[in-house]
Amino acid sequence: QVQLVESGGGSVQAGGSLRLSCAASRYGLELMGWFRQAPGKEREGVAGIYTTGGSTYYADSVKGRFTISRDNAKNTVYLQMNSLKPEDTAMYYCAANWGHHFAPLDRNQYIYWGQGTQVTVSS
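So, how was this worked out
Counting of residues starts from 1 at the beginning of each chain's written sequence and follows it residue by residue. Two thresholds apply to this predicted model, a pLDDT of at least 70 for residue-level local features and 80 or more for giving and counting side-chain atom pairs, whereas whole-chain, interface and lining totals are computed over all residues. Only heavy atoms go into the side-chain values, all of them from the structure, while hydrogens and water stay out. A helix here means a DSSP run of H or I that spans at least four residues, while a strand means a run of E at least two residues long, and both kinds are numbered starting from the N terminus. In this description the radius of gyration comes from C-alpha coordinates, and the expected globular size is given by 2.2 Å times residues to the power 0.38. Remark: exposure states derive from per-residue accessible area (1.4 Å probe, protein chains only) relative to the maximum for the residue type, with buried under 20%, exposed over 50%, and partly exposed in between. Residues are treated as being in contact if the distance between any of their heavy atoms lies within 4.5 Å. Accessible areas in this description were obtained via Shrake-Rupley with a 1.4 Å probe; residue shielding takes into account the shown protein chains only. Any carboxyl oxygen of Asp or Glu within 4 Å of a side-chain nitrogen of Lys or Arg constitutes a salt bridge here. Side-chain atoms within 4.5 Å link the members of a nonpolar core, which is a set of buried Ala, Val, Leu, Ile, Met, Phe, Trp, Tyr and Cys residues. Cysteine sulfur atoms are paired as a disulfide whenever they come within 2.5 Å of each other.

Caption draft 1: Representation of the overall build of the chain within the structure. Counting secondary structure elements, the chain contains zero helices and eleven strands. Ordering the α and β elements of the chain from the N terminus gives β-β-β-β-β-β-β-β-β-β-β. The C-alpha radius of gyration computed for the chain amounts to 13 Å, which stays within 12% of the reference 14 Å derived for 123 residues, consistent with globular compactness. The dimensions of the chain, computed from C-alpha atoms along their principal axes, are 40 × 25 × 25 Å. Buried positions account for 45% of the 123 residues belonging to the chain. Within the chain, contacts between residues at least 6 apart in sequence are counted, and of these 60% link residues at least 24 apart. When the accessible surface of the chain is summed, it comes to about 6200 Å², and 47% of that surface belongs to carbon and sulfur atoms.

Here you go:
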């Protein structure tokens, strides 16, 4: 069983920054990503990253503001969020899977999920 533990959420004003962390309990997870879900909305992919090669993928809504990275030695993935907007307010979830998958921002490509961490951006 794989456990993913998120941290780093909180409340900030618009224009501020936060960094989320996700620590995995197992090594070898090739694909890791961040998703978010606002009240009354579908869970959407924010960013994804592969261990091999380090390829990254971003939703259009966060390109240029968010950066996903991973420290393989620590088995941890990060999401640096800058220039935050009120519409970024959501519960943020870390997700992971083994191997390569076709669509890194598609939630159906992931089988392991964290419990989520809340991000609230005020105007």
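Caption draft 2: Summary view of the pattern of salt bridges. Overall, the coordinates contain five salt bridges when judged by the stated rule. Among the ionic pairs, D60 bridges to K63, the shortest N-O distance being 3.1 Å. Pair check on accessibility: D60 and K63 agree, each one exposed. A salt bridge links D88 to R65, with the nearest nitrogen and oxygen atoms 2.7 Å apart. In this pair, D88 sits in the loop between strand 8 (76-81) and strand 9 (90-97) while R65 sits in the loop between strand 6 (56-58) and strand 7 (66-71), placing the two residues 23 residues apart along the sequence. Each member of the pair D88 and R65 is classed as buried. A cluster of three or more residues bridged by salt bridges with shared partners is formed by R36, E44, R65 and D88.

Caption draft 3: Inspection of the nonpolar core at higher detail. Core analysis: the largest hydrophobic core is formed by 30 residues, its most contacted members being L4, M32, W34, L79, M81 and Y92. Once you skip the residues sitting within four places of it in the chain, L79 turns out to touch L18, R19, L20, W34, V46, A47, F66, T67, I68 and Y92. Counting five residues, the second-largest nonpolar core is a separate cluster that includes L31, F35, A95 and Y110.

Caption draft 4: Structural view of the state of the cysteines. Scanning the model with the defined rule gives one disulfide in all. A disulfide bridge connects C22 with C94, and the sulfur atoms are separated by 2.0 Å. Residues C22 and C94 share a disulfide whose torsion about the S-S bond is about -80°; that sign makes it left-handed. Of this pair, C22 sits in strand 3 (residues 18-24) while C94 sits in strand 9, and the two are 72 residues apart along the sequence. Each member of the pair, C22 together with C94, is buried.

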